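A structural walkthrough
Residue strings, one per chain:
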Amino acid sequence: MAADGAGVEGAPEGRGRVTITEIARQAGVSVPTVSRVVNGRSDVSPTTRARVEDLLLRHGYRKRATASSGATLLDLVFNDLDSPWAVEIIRGVEEVAHAAGVGTVVSAIHGRSGDAREWMRNLRARASDGVILVTSALEPLLHEELRALGVPLVVVDPAGSPALDVPTIGAANWSGGMAATEHLLSLGHRRIGLIAGPPRLLCSRARLDGYRAALEGAGVALDACLVVPGDFHPESGFRGCNTLLDLPEPPTALFAASDQMALGAIEALRRRGRRVPEDMSVVGFDDLPEVRWSAPPLTTVRQPLADMGKLAVRTALRLARDEQPDSPRVELGTELVVRASTAPPAP
């Protein structure tokens, strides 16, 4: 981790655990000033240094992991944990972290600033050595506090545009969306519906752009009525599919921007007496383990979720050793997996 930002661990066993924010409050200085004292920086006045060092000594603080010792604890933070998608990320993170002897703490902040601030308070208390943030946007003030504490940050599937100094790991969502749509076009479909993901997410916008690009490449005009909103959960797939079925001319094929929305869409079709793929072809995105057992098995775009988690841990561990990643922006490849949920349109 960066030399000018390393944090501190709690007091020895049996003594109260005090954060460096509390040290800063007692000393009447900023958190970055305490961090500079901890790391032996020279840009602190002698009087302030003495006051901070006295408090650090009284509270029995030790420096957190350093470049030589590496990380011992990582925080893995999701917006929500109510999806098999998150489980796949966790599986990859745990595999690499366990092999490296590094502990992980999994949290969900639910998109609420109060939850994010509570998580930050807990992170300071446990002296985490790195943060992996998944499909979430961190408030600028909390991001600045991570910098001040010297806690490296890695973002998986960024919700927005992260700071330039934050490494990101994602999947080739644009080419995945294009591959899904091109597959349906190759089968002869021309009215292809899309249940899109949340527009605030870069991955959602990229999948939508891939869908548009495939239609344009095939000379098929984009019909805005065929694009309906979703949130990656099954309920929105169910609603979106019903909206498309209620059109005067429903689509013959559907691309759902997540597997869970695809499963919701298949249930909507079943309840309406429609068969998959005879009456409508369906393609998902993710290749979650359960979709190969759906009825019928789902054609989908595989994104390497576990591999994304693995790479995130390796990147965080490099940053904790004060090393830079090979590339600050990584996109892992996606792959179309054809199963039984797609077929040519009925005559």
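Residues numbered from 1 in each chain as written. Predicted model: local features only at pLDDT ≥ 70, side-chain atom pairs only at ≥ 80, totals over all residues. Heavy atoms only, no water.

Thoughts on the sheet that holds strand β8 (residues 192-195)
Test applied: Here, a strand pair is defined by DSSP locating no fewer than two bridges between the strands. Comment: elements are numbered from the N terminus, with helices defined as DSSP H or I runs of at least four residues and strands as E runs of at least two. Every residue pair with non-hydrogen atoms within 4.5 Å of one another is taken to be in contact. Axis lines are fitted through C-alpha atoms, for helices just across the contact stretch, and the angle between N-to-C directions can take any value from 0 to 180 degrees.
Reading across the sheet, the 6 strands line up as β9-β8-β10-β11-β12-β14 and stay open at both edges, with mixed pairing between neighbours. Only two strands of the sheet have a single partner each, and these edge strands are β9 (227-228) and β14 (335-337). In this structure, β8 lies alongside β9, joined through 2 bridges in parallel fashion. Following the sheet pairing, Leu 194 is matched in β9 by Val 227. Its contacts with the sheet place helix α7 (residues 173-186) against β8, β10 (253-256), β11 (281-286), β12 (299-302) and β14, and it is angled at close to 165° to β11.

Re the side chain of Thr 315
Mapped onto the fold, Thr 315 is located in helix α11 (residues 305-320). In contact with Thr 315, not counting residues within four places along its chain, are Val 154, Pro 167, Ile 169 and Pro 325.

Some details on the pairing of β11
As a reminder, the rule being used: Relative accessible area decides the class of each residue, using a 1.4 Å probe on protein chains only: under 20% of the type maximum gives buried, over 50% gives exposed, and in between gives partly exposed. The handedness rule is simple: strands pointing away from the viewer, and a clockwise path from the first strand over the helix to the second, make the crossover right-handed.
In terms of residue burial, β11 counts as a mostly covered element, since 6 of its 6 residues are buried. Neither face of β11 is open: one carries Ser 281, Val 283 and Phe 285, the other Val 282, Gly 284 and Asp 286, and all of them are buried. Pairing of β10 with β11, which is carried by 3 bridges, proceeds in the parallel orientation. The residue of β11 that forms the bridge with Phe 255 is Val 283. Read from β10 through helix α10 (residues 259-271) to β11, the crossover connection turns out right-handed. Direction of pairing for β11 relative to β12: parallel, over a ladder of 4 bridges. Within the sheet, the bridge partner assigned to Gly 284 lies in β12 and is Thr 300.

Considerations on helix α5 (residues 113-126)
Heads up, the rule is: Given a helix with a known number of residues, its expected span is that number minus one, times 1.5 Å. Taking the helix axis as origin, the arc is that swept by the directions to the C-beta atoms.
The end-to-end C-alpha separation of α5 is 20 Å, in line with the 20 Å expected for 14 residues at 1.5 Å each. Taken as a whole, α5 has its buried residues at Ala 116, Trp 119, Met 120, Leu 123 and Arg 124. In an axial view of α5, the angular spread of the buried residues amounts to 140°, which keeps them on one side of the axis. The elements touched by buried residues of α5 are α1 (20-27), β3 (73-78), β4 (103-108), β5 (131-134) and α6 (140-149). Backbone geometry just after α5 places Ala 127 at a positive phi near 55°.

Here we look at the side chain of Ser 341
Rules: Under the rule applied, a polar contact is a pair of N or O atoms within 3.5 Å (in protein, one hydrogen donor and one hydrogen acceptor; residues adjacent in sequence only if both atoms are side-chain atoms).
Looking at the secondary structure, you find Ser 341 in the segment after β14. The exposure class of Ser 341 is buried, given its relative accessible area of 0%. Polar contacts involving the side chain of Ser 341 include one to the main-chain carbonyl oxygen of Val 282, which spans 2.6 Å. Those residues within four positions of Ser 341 in sequence are excluded, and the remaining contacts are Val 276, Pro 277, Met 280, Ser 281, Val 282, Pro 296, Pro 297, Leu 298 and Thr 299.

Notes on the nonpolar core
Threshold: What we call a nonpolar core is a set of buried Ala, Val, Leu, Ile, Met, Phe, Trp, Tyr and Cys residues that are connected through their side-chain atoms within 4.5 Å.
One finds Ile 89 and Ile 132 to be the most contacted residues of the largest nonpolar core, which totals 70 residues. Per-element accounting of this core gives the leading share, 8 residues, to α11. Excluding anything up to four places from it in sequence, Ile 132 contacts Leu 74, Asp 75, Leu 76, Val 77, Val 154, Val 156, Ala 312, Val 313 and Ala 316. Of all hydrophobic cores here, the second largest spans 30 residues; its members include Leu 142, Leu 149, Val 151 and Val 166.

Here we look at the state of the cysteines
What counts is decided by this rule: A pair of sulfur atoms, both from cysteines and within 2.5 Å, is called a disulfide here.
Applying the stated rule across the entire model yields 0 disulfides. No disulfide involves Cys 241; its sulfur sits 16 Å from that of Cys 225, the nearest cysteine.

Quick look at the packing of aromatic side chains
This is how it is decided: Ring pairs are drawn from Phe, Tyr and Trp, using the six-membered ring of Trp, whenever the two centres fall within 6.5 Å, and their geometry is named by plane angle: stacked under 30 degrees, edge-to-face over 60, tilted for the rest. Note on criteria: charge over ring means Lys NZ or Arg CZ within 6 Å of the ring centre, with the direction from the centre no more than 35 degrees off the ring normal.
The full count for this structure, using the stated rule, is 0 aromatic pairs. Against the face of Phe 285 rests Arg 207, its NZ or CZ located 3.8 Å from the ring centre.

A closer look at the sheet that holds strand β7 (residues 168-171)
The parallel open sheet is built from 6 strands, whose spatial order is β4-β3-β5-β6-β7-β13. The open sheet has two edge strands with one neighbour each: β4 and β13 (329-332). Strand-to-strand twist of the sheet, defined as the mean angle between neighbouring strand axes without regard to direction, takes the value 20°. With 4 bridges joining them, β5 and strand β6 (residues 153-156) adopt parallel strand pairing. Counterpart to Leu 133 in the pairing with β6 is Val 155. Against the sheet, helix α4 (residues 84-99) contacts β3, β4, β5 and β6, and its axis sits at roughly 170° relative to β3.

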